[in-house]
Amino acid sequence: DEHLICVVTGEVTELLLVSHGEVVGRGTVPVGLHTLMRTLESHAGALRSEVHSLLQLFAHTKDVSSHALHEPLTAAARHLAHTYQKGIESLVEHHTPTGMLVVAPGAAAAWFTHVFTDHVPLGDYRIRAASVQALHPHHLKAHVGGHGAHLDLALMAEAIFSHSHE
């Protein structure tokens, strides 16, 4: 069984390809939560607080079609999806993941999961989609000891989802 784990941080998304409990590939896409924030600030005049509220609304309703930021948010999602596609294609070139886990802070987890599932067909990422699931950092923190304000989520995901074979 192979899975792709996407850990969305502020500026980048770390990719981990896990096969039978072992990390077999790593990658980085230069897109993160701050990319979305800056895009909506510059192209739609949105304040960060508005973007956070919009992501909260999306996480709870999955429908923001009546929101003033719907059009720029959808345009950003399409752009980010194609950027992710380029980064993921080379990583999974010789593999066929059956699922994806998206780790992102707060309400962004639901939105980034939406980006992966609704804007580019998963087959275009070369993923045989059994499932795409959102995880929050606290899901990882509960299983790996971590201290400090800024946790290395990619390292935590690797520690949880891979086994050491000695």
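What counts and how
- Residues numbered from 1 in each chain as written.
- Predicted model: local features only at pLDDT ≥ 70, side-chain atom pairs only at ≥ 80, totals over all residues.
- Heavy atoms only, no water.
- Pairing = 2+ DSSP bridges.
- Helix = DSSP H or I, 4+ residues; strand = E, 2+ residues; numbered from the N terminus.
- Axes fitted to C-alpha atoms, helices over the stretch in contact; angles between N-to-C directions.
- Phe/Tyr/Trp six-rings, centres within 6.5 Å; stacked < 30°, edge-to-face > 60°.
- Buried < 20%, exposed > 50% of the residue type's maximum accessible area, 1.4 Å probe, protein only.
- Contact = heavy atoms within 4.5 Å.

1. Some points on the sheet that holds strand β1 (residues 2-8)
Piece 1. With mixed pairing, the 5 strands of this open sheet are ordered in space as β3-β2-β1-β4-β5. With one partner strand each, in any of the chains shown, β3 (22-29) and β5 (131-135) form the two edges of the open sheet. Each strand of the sheet is rotated relative to its neighbour by a mean of 20°, with strand direction disregarded.
Piece 2. Here β1 pairs with strand β4 (residues 99-103) via 5 bridges, running parallel. Following the sheet pairing, valine 7 is matched in β4 by valine 103.

2. Overview of the packing of aromatic side chains
Piece 1. Tallying each qualifying case throughout the model produces 3 aromatic pairs.
Piece 2. A centroid spacing of 6.5 Å and a plane angle of 80° characterise the contact between tyrosine 84 and phenylalanine 112, whose relative ring orientation is edge-to-face. In this pair, tyrosine 84 sits in helix α3 (residues 70-91) while phenylalanine 112 sits in helix α4 (residues 108-118), placing the two residues 28 residues apart along the sequence. Each member of the pair, tyrosine 84 as well as phenylalanine 112, is classed as buried.
Piece 3. Summarising the aromatic geometry, the rings of tryptophan 111 and phenylalanine 112 are spaced 5.1 Å apart at their centres and angled 85° between planes, so their arrangement reads as edge-to-face.
Piece 4. Using a relative accessible area of 1% as the deciding quantity, one classes tryptophan 111 as buried.
Piece 5. Put simply, the rings of Tyr84, Trp111, Phe112 and Phe116 pair up and form one aromatic cluster.

3. Some details on the side chain of threonine 113
Piece 1. Looking at the secondary structure, you find threonine 113 in helix α4.
Piece 2. Contacts of threonine 113, omitting those with residues within four sequence positions, involve Val102, Val132, Gln133 and Ala134.

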